[in-house]
Amino acid sequence: GWNSVVLCADGSRLFAENSSVVVVWESADGSEVVRHHPRPNRPKILVRDVEIGPFGRRLAVTWADRDIATSHVLDLENGEIYPTGSSERPVGTDFSRDGGTLAVRMTVRNIHVHQTDPPRQTAVLEGHSGVVSDAVYLDDGRLVSISEGVVHIRAGGRDAPIGSLM
């Protein structure tokens, strides 16, 4: 069965995921856009987190198995895959409201920030006290993240938090 279903912000596409596959459909007619197996040659993977970009163009998938954890962005328009993981074991992702930036949460106290077009890593945000359990972009571009019960607020991909809440 499916673990979750999510509608992209503009309502054009929706996706569902289970432990090893992500499927994206057009909302208007239910036609399948893609059925994505992050690692078809590794049947024991576990999809840990999936985010669809605000315009339904990109899909970020974080997955793990016994030996590896990684993430990547799948461009649903051209089928290209851009890796966003590292040896730091990603735990999840979040797109900015305009889809131009992706935050990849890591198990080792930081967030890797990626530009989506053209795809490249632009920053590593440090200073968390443990696993970055969640992160979300605000409408004004600030990134809010949480680690070990402390909320960090950062502006414009800067490494130094502009504030913390306990």
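The structure under discussion appears in the preceding block.
These remarks concern the structure in this document. Note that the structure is predicted; figures quoted are calculated from it, not measured.

### Considering the overall build of the chain
Link 1 in the chain: Helix and strand counts for the chain come out as 0 helices and 16 strands.
Link 2 in the chain: Taking 2.2 N^0.38 as the reference for a compact globule, 166 residues should give roughly 15 Å; the C-alpha atoms of the chain span a radius of gyration of 15 Å, in line with that estimate.
Link 3 in the chain: Each principal axis of the C-alpha atoms in the chain carries an extent, and together these give about 45 × 35 × 30 Å.
Link 4 in the chain: Taking all 166 residues of the chain together, 43% fall into the buried category.
Link 5 in the chain: Relative to all contacts within the chain whose residues are 6 or more apart in sequence, the contacts with residues 24 or more apart total 32%.
Link 6 in the chain: Carbon and sulfur atoms provide 51% of the accessible area of the chain, an area that totals close to 8,300 Å².
Link 7 in the chain: Computed over 17 positive and 22 negative side-chain charges, the inter-centroid distance for the chain is 6 Å.

### Observations concerning the nonpolar core
Link 1 in the chain: Counting 13 residues, the largest nonpolar core has Phe15, Val22, Val24, Val50, Ile52, Leu59 and Val61 as its most contacted members.
Link 2 in the chain: Secondary-structure elements contributing two or more residues to this core are strand E3 (22-26), strand E5 (46-52) and strand E6 (58-64).
Link 3 in the chain: Discounting residues that sit within four places of it in the chain, Ile52 has contacts with Cys8, Arg13, Phe15, Val24, Arg58, Leu59 and Phe95.
Link 4 in the chain: Residues Ile111, Val113, Val132 and Tyr137 belong to the second largest nonpolar core, which totals 9 residues.

### Re the sheet that holds strand E10 (residues 101-106)
Link 1 in the chain: Taking strand neighbours across the sheet as the criterion, the 4 strands line up as E9-E10-E11-E12 in an open arrangement whose pairing is antiparallel. On the outer flanks of this sheet lie strand E9 (90-95) and strand E12 (119-125), each paired with one strand and no other. Here the strands of the sheet are splayed against their neighbours by 25° on average, with no regard to which way each runs.
Link 2 in the chain: Of the pairings in the sheet, the one linking E10 to strand E11 (residues 111-116) comprises 5 bridges and is antiparallel in character. Counted as the bridge partner of Arg105 is Ile111 from E11.

### Comments concerning the sheet that holds strand E7 (residues 69-75)
Pairing between the strands of a sheet is mediated by backbone hydrogen bonds and can be parallel or antiparallel.
Link 1 in the chain: A sheet is described by the order of its strands in space; here 4 strands give the open sequence E5-E6-E7-E8, paired in antiparallel fashion. Among the strands making up the open sheet, the edge pair consists of E5 and strand E8 (81-83). Looking at each pair of strands side by side, their axes are set apart by 25° on average, direction ignored.

### Observations regarding unusual backbone geometry
Link 1 in the chain: Here the amide bond leading from Asp117 into Pro118 is cis, since omega sits at -5°, within 30 degrees of zero.
Link 2 in the chain: Relative to the helices and strands, Pro118 is located in the loop between E11 and E12.
Link 3 in the chain: Although it is not a glycine, Arg109 sits at a positive phi angle of roughly 70°.
Link 4 in the chain: Tracing the backbone shows Arg109 in the loop between E10 and E11.
Link 5 in the chain: The exposure class assigned to Arg109 is partly exposed, which follows from its relative accessible area of 49%.
Link 6 in the chain: For Glu148, which is not a glycine, the phi torsion comes out positive at approximately 55°.
Link 7 in the chain: Inspection of the secondary structure assignment puts Glu148 in the loop between strand E14 (143-147) and strand E15 (150-154).
Link 8 in the chain: Judged by its relative accessible area of 58%, Glu148 falls in the exposed class.

### Some words on the side chain of Thr116
Link 1 in the chain: Position of Thr116 relative to the elements: it lies in strand E11.
Link 2 in the chain: One polar contact links the side chain of Thr116 to the main-chain carbonyl oxygen of Gly99, over a distance of 2.8 Å.
Link 3 in the chain: Not counting residues up to four positions away in its chain, the partners in contact with Thr116 are Arg58, Phe95, Gly99, Gly100, Thr101 and Leu102.

About the thresholds
Residues numbered from 1 in each chain as written. Predicted model: local features only at pLDDT ≥ 70, side-chain atom pairs only at ≥ 80, totals over all residues. Heavy atoms only, no water. Helix = DSSP H or I, 4+ residues; strand = E, 2+ residues; numbered from the N terminus. Rg over C-alpha atoms; globule rule 2.2 N^0.38 Å. Buried < 20%, exposed > 50% of the residue type's maximum accessible area, 1.4 Å probe, protein only. Contact = heavy atoms within 4.5 Å. Areas by Shrake-Rupley, 256 points an atom, 1.4 Å probe, with all protein chains shown as cover. Lys, Arg positive; Asp, Glu negative; His and termini not counted. Charge placed at Lys NZ, Arg CZ, Asp CG, Glu CD. Core = buried A, V, L, I, M, F, W, Y, C linked by side-chain atoms within 4.5 Å. Pairing = 2+ DSSP bridges. Axes fitted to C-alpha atoms, helices over the stretch in contact; angles between N-to-C directions. Polar contact = N/O pair within 3.5 Å; in protein donor to acceptor, adjacent residues only side chain to side chain.

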